[in-house]
Amino acid sequence: MRAGNVKIEELNEDNWYDCCELELSEKQATYIEMNAVSIAQSKFEPSLKPFAIYFKEKVVGFLMFNTLKEELDGYWIFRIMVDKNFQGRGIGKAATQLMISEMGKLPNAEKIVVGYHPDNKEAHQLYASLGFIDNGDRFGKEMAVIKHINELS
């Protein structure tokens, strides 16, 4: 799927290693697993779908979502990251919109849920800008925000 200069492509033999080499800022790295860990997790949990994020045909990010409903009766976004050298360009937002479109095709998709650390201001701004609502749901140290499919634009 493509939106302007941003596209997402399911992880494959041509892009998985590029995803492993991507880096977050030191502060952001405390909030999210390394991509290699997420990729390994997807090999043991086949319901997880990993994707590479491309900007102008270069791998600049990674995302992963679950194709099975979980807590709060929704499909969960498991990971989304953009390399520290490509942040601030709207790539994460465009990729998240593409991911939401993909997730909206899942069976009985009514809501999408994502959890993140409350101190992760960048994540909060991103999800709020895309219409995710905080209903006060908490899972351990993470807050969970919800986007209802009928609100997709």
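One can find the structure itself at the top, above this paragraph.
Residues numbered from 1 in each chain as written. Predicted model: local features only at pLDDT ≥ 70, side-chain atom pairs only at ≥ 80, totals over all residues. Heavy atoms only, no water.

Draft legend 1. Representation of helix α5 (residues 121-129) in the model. The set of residues buried in α5 consists of Ala-123, Leu-126 and Tyr-127. The arc enclosing the buried residues of α5, seen along the axis, measures out at 90 degrees, which places them on a common side. Looking at the packing, one finds that the buried side of α5 touches β5 (75-82), α4 (91-103), β6 (111-116) and β8 (142-148). Gly-131, located one to two residues past α5, shows a positive phi value of around 90 degrees. (Buried < 20%, exposed > 50% of the residue type's maximum accessible area, 1.4 Å probe, protein only. Helix = DSSP H or I, 4+ residues; strand = E, 2+ residues; numbered from the N terminus. Arc of directions from axis to C-beta. Contact = heavy atoms within 4.5 Å.)

Draft legend 2. Quick peek at the pattern of salt bridges. This model, assessed by the stated rule, comprises 5 salt bridges. Note that Lys-84 and Glu-23 form a salt bridge whose closest N and O atoms lie 3.1 Å from each other. Highlighted residues: Lys-84 in the loop between β5 and α4 and Glu-23 in the loop between α1 (16-20) and α2 (26-29), separated in sequence by 61 residues. Judged by relative accessible area, which is 40%, Lys-84 ranks as partly exposed. For Arg-138, the salt bridge goes to Asp-134, with nearest N and O atoms at 3.1 Å. (Salt bridge = Lys/Arg side-chain N within 4 Å of Asp/Glu carboxyl O.)

In short, the description is geometric, and any link to function would need to be established separately.
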